Structure formats: C-alpha cells, structure tokens
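Letter by letter, the chains look like this.
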Amino acid sequence: MENKKTIIGIILVVILIIILITISYTSSKFNKEQLNLLTNETNELLQKNILDEDIETNIKTEKSYATVEKTMKEYLINLKNIYSNINQLYTQINPNDIFSTQNIEDKNFDDIDNIIEDYKNKAKECLSDYQELVKEENIKKSINEKNIAKRQEYFVDLYNTAMLSDVMKEKYESIGKRIEKKRDNIYDKLNSLEKVKKYLEENEKYWTIKDNKIQFNNINKMTEYYSLLNSEETD
C-alpha cells in the first residue's frame, strides 16, 4: 500500500514538473514573440518623421507589452498635437477677418488689441506645453503612471530605453525647433497686424465705416491700406 502511495506521489510530482515546464516554455515563447513585436514597433517609431508621418494607433502587442507600445505612441501623438495646434493657430490669422468693420467700429481698436494678445498668448502656451512635455521627468511619468502588475521595472526600462534614446531626443529637439519657428511666424504676422492698426490710427481722418464697410476719402490712402493689409507679411 505504501509503495502504491509512493508511486502515486511520484507521478503527481512528475505531472506538476511537466506542467511547470510547459507553463515556463509557453510564457517564454509569449514573451519572446511580444518583445519582437514591440521591437519592430519601436524601430518604426524611431525611423518616423513624427510631424509629417502618421503614427499607427493600432496596438500590435499584448498585455504589459501593449501598455509600453500604447504609452510610446500616445506620448508622440501628444507632441504631434502641440505642433498641429500652433500650426492651426498660424493659419487662423486672417487680416481681413481681424480688421472687419465690427472690430474697428467707432475707430476703437480694443478688439484688435485683444485678438492680437490672444494669439500671442496661445502661441506661448503651445511652446510652453512642448517644453513641459519633453522634460525627462515627464517622459518617464508617462509610463510610471501606468498600472503594470508584474515586472514593472522591466517594462519601464523597455519604454525608457526607446523614449530617452539619443535618436528620440534628436526628434524632440527637431520638433521643438519647428514649433519655435511657427511661433516666430505667428509673431511676424501679429507685428504686421500692429502696423495695419497703426496705419488706421494715424490716418483716421481719411476713412470711416459706412454700410458695414470701411470707406476712404483718399484713393492713395485706400491703396496703401489694402496693400499693407494684404502684404506678404500678413498672408
């Protein structure tokens, strides 16, 4: 009877060992496959022109690998959105709309001043958002805030290796330069609007608002005004 119990015990141990080996093999195979997929997605991101190419939002990996992949893509999309916002701000500046008769009614330029100041503040905010986002602590924060149940340090390291790499830092710097350039372009446009406003102020006696239109009593002043309004600087 004791021998029978011993044999049964041995069989159970062997079965348990086989199960553990199978689980270990399956887990090892899964991790290897997922790491390969994540590596491929990371390589793609490292080679992309972030601002000019679409970022694939479809997540190819699973479980904690998917968390890493998704966090990387979300971070880069956030950067991309900051540039999109400042670029949209630039294209919104329309001198003809800004100097509509409603905004210069009674020859009061308070509305114009407010519009110009609003654009300046929004451009500053975009650059500030970028500068805040690319701080190393905030790059790390993106992954540290994620709920990774097991092997958190391992997956955090996978994320940081890619997102804090020299290649990625060069991309951040390049994006920053383009955001700064777009901000400068906005300031140039706004400076040109200031010139238009100053021209109207200095030549107040030559124009009036009538029938919801600005009308000049001097053709030379009218020509100068529209030339200034539609100059290349304010396009």
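As the structure is a prediction and not an experimental result, all values here were calculated from the model.

Quick look at the packing of helix α4 (residues 110-133) against helix α7 (residues 166-202) now. Between α4 and α7, the least distance of the axes is 10 Å, while the angle of their chain directions is 170°. Classed by the angle they form, the pair α4 and α7 counts as roughly antiparallel. Of the residues belonging to the contact of α4 with α7, the class tally is 13 nonpolar, 1 polar and 8 charged.

By size, the foremost hydrophobic cluster in this structure holds 53 residues, and its most contacted members are Tyr75, Leu76, Phe99 and Tyr172. Secondary structure elements with two or more residues in this core: α1 (2-47), α2 (63-92), α4, α5 (136-144), α6 (152-163), α7, β2 (213-216) and α8 (219-229). Dropping the residues within four chain positions of it, tyrosine 172 is found in contact with Tyr75, Leu76, Leu79, Tyr130, Val134, Ile139 and Met163.

Looking now at the pattern of salt bridges. Scanning the entire structure with this criterion turns up 15 salt bridges. The partner of glutamate 136 in a salt bridge is lysine 140, with the nearest N and O atoms 3.2 Å apart. Note that glutamate 136 and lysine 140 are positioned in helix α5 at a spacing of 4 residues, about one turn of the helix. Under the relative-accessibility criterion, glutamate 136 is labelled partly exposed at 38%. Among the ionic pairs, lysine 141 bridges to glutamate 145, the shortest N-O distance being 3.8 Å.

Now for the side chain of lysine 197. Along the chain, lysine 197 falls in helix α7. In contact with lysine 197, other than residues within four places in its own chain, are Phe99, Phe109, Ile112 and Asp113.

To continue, consider the pairing of strand β1 (residues 207-210). Note: β1 against β2, 4 bridges, orientation antiparallel. Bridging from a neighbouring strand, tryptophan 207 pairs with phenylalanine 216 of β2.

An α-helix turns once every 3.6 residues. As a result, residues three or four positions apart point the same way. With 24 residues, α4 should cover 34 Å at 1.5 Å per step; its first-to-last C-alpha distance of 34 Å lies within 8% of that length. Residues of α4 that are buried: Ile112, Ile116, Tyr119, Ala123, Cys126, Leu127, Tyr130 and Leu133. If you follow the buried residues of α4, they end up packed against α2, α3 (95-98), α5 and α7.

Tallied over the full model, the rule gives 8 aromatic pairs. Between the aromatic rings of tyrosine 65 and phenylalanine 155, the centroid separation amounts to 4.8 Å while the plane-to-plane angle is 85°, which identifies the pairing as edge-to-face. With a gap of 90 residues between them, tyrosine 65 in helix α2 and phenylalanine 155 in helix α6 connect regions that are remote in the sequence. Given the relative accessible area of 4%, phenylalanine 155 is considered buried. Ring plane angle 40° and centroid distance 5.3 Å describe the contact between phenylalanine 216 and tyrosine 225, whose orientation is recorded as tilted. The pair formed by phenylalanine 216 and tyrosine 225 is uniform in burial state, with each residue classed as buried. Aromatic rings pair up to connect Phe30, Tyr65, Tyr154 and Phe155 into one cluster. Its guanidinium or amino end placed over the ring of phenylalanine 30, lysine 63 lies 5.2 Å from that ring's centre, counting from NZ or CZ.

To continue, consider a nonpolar patch on the surface. Among the surface-exposed residues, Ile219, Met222 and Tyr226 lie close enough to one another that they form a single nonpolar patch of about 270 Å² accessible area. Topologically, tyrosine 226 is positioned in helix α8.

Mapped onto the elements, tyrosine 130 comes out in helix α4. The exposure class of tyrosine 130 is buried, given its relative accessible area of 10%. Residues tyrosine 130 and asparagine 81, spaced 49 residues apart in sequence, show a C-alpha to C-alpha distance of 9.8 Å. Every residue in contact with tyrosine 130, bar those within four places of it in the chain, is listed here: Leu79, Ile82, Tyr172, Glu173, Ile175, Gly176 and Ile179.

Criteria and thresholds
- Residues numbered from 1 in each chain as written.
- Predicted model: local features only at pLDDT ≥ 70, side-chain atom pairs only at ≥ 80, totals over all residues.
- Heavy atoms only, no water.
- Axes fitted to C-alpha atoms, helices over the stretch in contact; angles between N-to-C directions.
- Helix = DSSP H or I, 4+ residues; strand = E, 2+ residues; numbered from the N terminus.
- Parallel < 35°, antiparallel > 145°, perpendicular 65-115°, else oblique.
- Nonpolar A, V, L, I, M, F, W, Y, C, P; charged D, E, K, R; others polar.
- Core = buried A, V, L, I, M, F, W, Y, C linked by side-chain atoms within 4.5 Å.
- Buried < 20%, exposed > 50% of the residue type's maximum accessible area, 1.4 Å probe, protein only.
- Contact = heavy atoms within 4.5 Å.
- Salt bridge = Lys/Arg side-chain N within 4 Å of Asp/Glu carboxyl O.
- Pairing = 2+ DSSP bridges.
- Expected span 1.5 Å × (residues − 1).
- Phe/Tyr/Trp six-rings, centres within 6.5 Å; stacked < 30°, edge-to-face > 60°.
- Lys NZ or Arg CZ within 6 Å of the ring centre and 35° of its normal.
- Patch = residues over 30% accessible without salt bridge, like charges linked within 9 Å, V, L, I, M, F, W, Y side chains within 5 Å.
- Areas by Shrake-Rupley, 256 points an atom, 1.4 Å probe, with all protein chains shown as cover.

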